[in-house]
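Survey of secondary and tertiary structure
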Amino acid sequence: MSSRMRHRLSSAVIAACAVAACETPALSGERAALLFDPTPQCHAQLESAAGTFAGAPVVLGAQAFLNEATLTIEKRQPRDAAGRLRDGRSPGRPQLFRLVRSNGACVLVHGDKAERVILDACRCRDAPQTTQ
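Analysis parameters
- Residues numbered from 1 in each chain as written.
- Predicted model: local features only at pLDDT ≥ 70, side-chain atom pairs only at ≥ 80, totals over all residues.
- Heavy atoms only, no water.
- Pairing = 2+ DSSP bridges.
- Helix = DSSP H or I, 4+ residues; strand = E, 2+ residues; numbered from the N terminus.
- Disulfide = S-S within 2.5 Å.
- Buried < 20%, exposed > 50% of the residue type's maximum accessible area, 1.4 Å probe, protein only.

The sheet contact formed by strand E1 (residues 31–35) and strand E3 (residues 95–102) spans two bridges and is antiparallel. Directly across from Ala32, in E3, lies its bridge partner Val100. Across three bridges, E1 lies against strand E6 (residues 124–126) in antiparallel orientation. Bridge pairing in E6 links Leu35 to Cys124.

Turning our attention to the environment of Ala121. Residue placement: Ala121 occurs in the loop between strand E5 (115–118) and E6. Sequence separation between Ala121 and Pro40 is 81 residues; the distance between their C-alpha atoms is 9.0 Å.

Tallied over the entire structure, the rule returns two disulfides. Disulfide pairing places Cys42 opposite Cys122 at an S-S distance of 2.1 Å. Measuring handedness by torsion sign, the sulfur bridge of Cys42 and Cys122 sits at about 105 degrees and is right-handed. With a gap of 80 residues between them, Cys42 in helix H2 (residues 40–54) and Cys122 in the loop between E5 and E6 connect regions that are remote in the sequence. Accessibility classification places Cys42 together with Cys122 in one group, the buried group. Covalently, Cys106 is tied to Cys124 through a disulfide, its sulfur atoms 1.7 Å apart. Residues Cys106 and Cys124 are joined through a disulfide that is right-handed, its torsion about the S-S bond being 135 degrees. Here Cys106, found in strand E4 (residues 105–110), pairs with Cys124, found in strand E6; they are 18 residues apart in sequence, far enough to count as distant.

Structure, rendered in structure tokens:
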């Protein structure tokens, strides 16, 4: 096998492992969910939980989890006064969150570590199933 072919094979294996590592297994009886008629208290609890998981305060739009069961949050990239990226810094990996229903409760799941928090102030409904 040529070195070029080995490199391509290695790249394919690494990519497959990276995709598999990003998937968080669902617990038994867990279903993708959407917020149902969220209150200001629900929105505040959701922001607080996401900020705790992300390691920094976050501001979520009013539409978060109303139409999609997943949400990706990226850190702001520091910029200079002219709007250029400062020092070529990388903001790190985006944070992935999922909203699920588990035993009737709304649960926010942080995708990287599968950390979970029950959102007592929120009401959820099952998300429509998508076909692939």
